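What the coordinates show
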Amino acid sequence: MGGLLIGAAMLMPNSGHIVPTAQRIPVTLDIENILPQVSEPEIENTAFINSIPHFERTIASGDTLSGLFSKAGVDQQTMYKVLEADLNILALDTLLPGNRIQFWLDNEGQLQKLELYFNTARQVVFTRYEDGSFNVEEVNVEGVWQNRIISGDIKGSFYVSAQKMGLAAADIQRIEDLLKEKLNFARDLHAGDQFSVLVNDQYVEGEATGSSQILGVAIKTGRSEISAFQYSDGSYYDAKGHSLVRAFQRYPLAKQPRMSSRFNAYRKHPITGRVSPHNGTDFSVPIGTKVIAPGDGIVSLVTDHQFAGKYIVVEHGGKYRTRYLHLSKALVRKGQRVTRGQVIALSGNTGRSTGPHLHYEFHINGKPVDPLKADIPMSSKLANQDLRAFTNLVNSRQAMMNLG
Ligand SMILES: [Zn+2]
C-alpha cells in the first residue's frame, strides 16, 4: 500500500516582527483508493446546510488537517477529495489559529459540507457532489472600509513607536519595506521625529476583519519629510507621483515562455460540464527552468501539496500575491524577502501535472486575475493623465494626516 507524503497545515500563532505564515508538518495519506470519478454535477442534499454542524473547532496551535478530519470522523479518502477540490484556491493551506472549521455529515456519516471560517469577510465552503467529489465556493463579503489615522513621535525605533500607537506588526513591516530605499530605519530616525499613517480597515457587521490597506504614510525627520501614497492602481508613489514599488515583470521567467494553457475563470470540465476555473497561466518549460520573482516581495509559504505539487506563495505589499505550482525545487524559505529578478525556484512536474510546466498565478486583493492582461504596475512614474487625480488625492490625505 503506497503511503504518500502530503503537506497539511501545522498551525502556529503569528510571532513577532514577521509576516504571518503557517508552519507545516507532513501527514501520511493513503492514495490507493483515489481514482478519478465522473458523474452528474448534482448536490445530493442541501436541506441540512443551515443546520448545526456535527463537528466544529476553532483552530489551535499544533492542529493538523488530518487530525481535524479524524476528530470529525471523516476518513482520509474524503479529506483527499476535499484537497483535490481545493487545488485552485489552496484555502486549506492558509488556515491559522483562531480560524474555524465546521463539518456537516449525513445519516451515513458521509461528509456533506465543510466550511472554513477565516473571518466575517471570508469563508470557503466545500459541498459534496453525488459522485463523492466536492464543489468549492469562496464567500467574500465586502463590508465597509473605514479610515484611521495613527500618528505620533519617534521614541526608540519606528517599529516600537508605531506599535505603541496601535499599528499592526504586518502594517509596520509593510511600511518599512515600502520606504526602505528612501529611509534607513535603523540610522536616520531620531527621538522627536514624527510619523503619521492613514490606514483603511475592513469591517463586516461592525467587526474588524483584520484586512487593511495603508493609504498614506509620512515620516518627518529633522531635515526632510518622506511620504508615500497608494493610488487607485494599488501601487505606491511619493508625493510627486514617482513609484516606490518597482514595476512587475509580466512573466516569472527570464525568457518569454511558450504558454500551454491560459487563465480562464469560466473553464468548463470537458466531461462533467462543471465550471472548474483555471486560475493561473501555464508555461511550458523543461524541469529545472529558473523561476524568478516578477516583483519585490516576501515569501509567505513554501510547501508541498498532493495536487499543486511543491509550491511557493509571494506577497508583494498588501495588494498583490503570486503563486508558483508544480516546482521541482524551492530556492527560498518562508519569511524571506525577495527582489525582482531573483531566482526563487526551479520549475518541475510535481503534484497532479500532465507534463513539465510552470503554473503561475497573480492575485489582486485575493482574487486571481490573468497575469498577462491584468492592470499591474509596470512603469516607474504615473502617466500624465493620472497625475492630476493623484495630486488631489495626496492633498486631501495630507490634510487628514496633518504632520505639524
Ligand atoms: Zn495551470
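Reading the values: the criteria
- Residues numbered from 1 in each chain as written.
- Predicted model: local features only at pLDDT ≥ 70, side-chain atom pairs only at ≥ 80, totals over all residues.
- Heavy atoms only, no water.
- Helix = DSSP H or I, 4+ residues; strand = E, 2+ residues; numbered from the N terminus.
- Contact = heavy atoms within 4.5 Å.
- Areas by Shrake-Rupley, 256 points an atom, 1.4 Å probe, with all protein chains shown as cover.
- Pairing = 2+ DSSP bridges.
- Donors = N, O, S within 2.8 Å, 3.2 Å for Na, K, Ca; no water.
- Tetrahedral: all angles 85-135°; square planar, octahedral: opposite > 155°, others 65-115°.
- Axes fitted to C-alpha atoms, helices over the stretch in contact; angles between N-to-C directions.
- Expected span 1.5 Å × (residues − 1).
- Buried < 20%, exposed > 50% of the residue type's maximum accessible area, 1.4 Å probe, protein only.
- Arc of directions from axis to C-beta.
- Salt bridge = Lys/Arg side-chain N within 4 Å of Asp/Glu carboxyl O.
- Polar contact = N/O pair within 3.5 Å; in protein donor to acceptor, adjacent residues only side chain to side chain.
- Phe/Tyr/Trp six-rings, centres within 6.5 Å; stacked < 30°, edge-to-face > 60°.

Right, let's get into the overall build of the protein chain. Regarding its fold elements, the protein chain presents five helices and 23 strands. In the protein chain, the share of contacts with a sequence separation of at least 24, taken over all contacts with a separation of at least 6, comes to 64%. Of the accessible surface of the protein chain, which amounts to about 19200 Å², a share of 49% is contributed by carbon and sulfur atoms.

With that settled, consider the sheet that holds strand 15 (residues 290–292). Read across the sheet, three strands follow the order 15-21-19 without closing on themselves; strand pairing throughout is antiparallel. Every interior strand has two partners, whereas the edge strands, strand 15 and strand 19 (329–330), have only one. With two bridges connecting them, strand 19 and strand 21 (residues 343–346) associate as antiparallel partners. For Ala-330, the partnering residue across the bridge sits in strand 21 and is Ala-345.

Further remarks concern the coordination of the zinc ion. Within the protein, the zinc ion binds to His-278 (NE2), Asp-282 (OD), Asp-282 (OD) and His-359 (ND1); these donor distances fall in the range 2.0 to 2.7 Å. The coordination sphere of the zinc ion comprises four donor atoms, whose angles at the metal cover 53 to 154°; the geometry is irregular. All donor residues of the zinc ion come from one chain, and their arrangement in sequence is H-x3-D-x76-H.

Spatially, the five strands line up as an open sheet ordered 8-9-10-11-12, and their pairing is antiparallel. At either margin of the open sheet sits one strand with a lone partner, and together these are strand 8 (144–153) and strand 12 (236–237). The pairing of strand 10 (residues 207–220) with strand 11 (residues 225–230) spans five bridges and is classified as antiparallel. Within strand 11, the residue paired with Ala-218 across the bridge is Ser-227. Along the sheet face, helix 4 (residues 169–178) touches strand 9 (194–204), strand 10, strand 11 and strand 12 and points at about 35° away from the line of strand 10. Contacts between helix 5 (residues 384–401) and the sheet are confined to strand 8, strand 9, strand 10, strand 11 and strand 12, with strand 11 contributing the most and set at about 120° to the helix.

The pairing of strand 15 with strand 21 spans three bridges and is classified as antiparallel. Residue pairing across strands places Val-291 opposite Ala-345, the latter belonging to strand 21.

Taking 1.5 Å of rise per residue, 18 residues should cover 26 Å, and helix 5 covers 25 Å from first to last C-alpha, within 8% of that figure. When we look at burial in helix 5, the residues that qualify are Phe-390, Leu-393, Val-394, Arg-397 and Met-401. What you see down the axis of helix 5 is that its buried residues fit within an arc of 110°, all on one side. Within helix 5, the exposed residues directed more than 90 degrees away from the buried face are Arg-388 and Ala-399. As for helix 5, its buried residues are in contact with strand 8, strand 9, strand 10, strand 11 and strand 12. Remark: Asn-402 follows helix 5 within two positions and exhibits a positive phi of approximately 40°.

For the rest of this paragraph, the subject is the pattern of salt bridges. Summed over the entire model, instances satisfying the criterion amount to 13 salt bridges. The partner of Lys-310 in a salt bridge is Asp-304, with the nearest N and O atoms 3.7 Å apart. Overall, Asp-304 belongs to the partly exposed group, its relative accessible area being 37%. A salt bridge links Arg-321 to Glu-315; its shortest N-O distance comes to 3.0 Å. A relative accessible area of 27% places Arg-321 in the partly exposed class.

A few words on the side chain of Asn-99. Along the polypeptide, Asn-99 turns up in the loop between helix 2 (76–85) and strand 4 (100–105). At 2.7 Å, the side chain of Asn-99 and the backbone nitrogen of Leu-96 are in polar contact. Excluding residues that lie within four positions of it along the chain, Asn-99 makes contacts with Arg-57, Thr-58, Ile-59, Thr-94, Tyr-117 and Phe-118.

Structurally, Ser-347 is set in the loop between strand 21 and strand 22 (358–364). Those residues in contact with Ser-347, other than ones at most four positions away along the chain, are Val-285, Pro-286, Ile-287, Gly-288, Thr-289, Val-291, His-326, Leu-327 and Ser-328.

Below, the discussion takes up the packing of aromatic side chains. Enumeration over the complete set of coordinates arrives at 13 aromatic pairs. The interplanar angle of 75° and the centroid separation of 5.8 Å between the aromatic rings of Tyr-251 and Phe-283 together place this pair among those described as edge-to-face. Here the residue Tyr-251 occupies a position in the loop between strand 12 and strand 13 (258–261), and Phe-283 occupies one in strand 14 (residues 281–284), the gap between them amounting to 32 residues. Looking at Tyr-251, the relative accessible area reads 22%, which means it is partly exposed.

Next up on the list: the environment of Ile-376. With respect to the helices and strands, Ile-376 occurs in the loop between strand 23 (367–369) and helix 5. With 14 residues separating them in the primary sequence, Ile-376 and Phe-362 have C-alpha atoms 9.7 Å apart. Leave out the neighbours within four places in its chain, and Ile-376 touches Phe-248, Arg-250, Tyr-320, Phe-362, Ile-364 and Pro-371.

Taken across its nine residues, strand 16 (residues 297–305) has seven buried, putting it largely inside the fold. Sheet topology places strand 16 next to strand 20 (residues 337–338); two bridges connect them, and they run antiparallel. Note that in strand 20 the partner of Ile-298 across the bridge is Arg-337. Here strand 16 runs beside strand 17 (residues 309–316); their pairing, made up of seven bridges, is antiparallel. Opposite His-305, over in strand 17, you have Gly-309 as the bridge partner. A loop of three residues connects strand 16 with strand 17, the two strands running antiparallel in sequence.

Everything listed here is a matter of geometry and, on its own, says nothing about what the molecule does.
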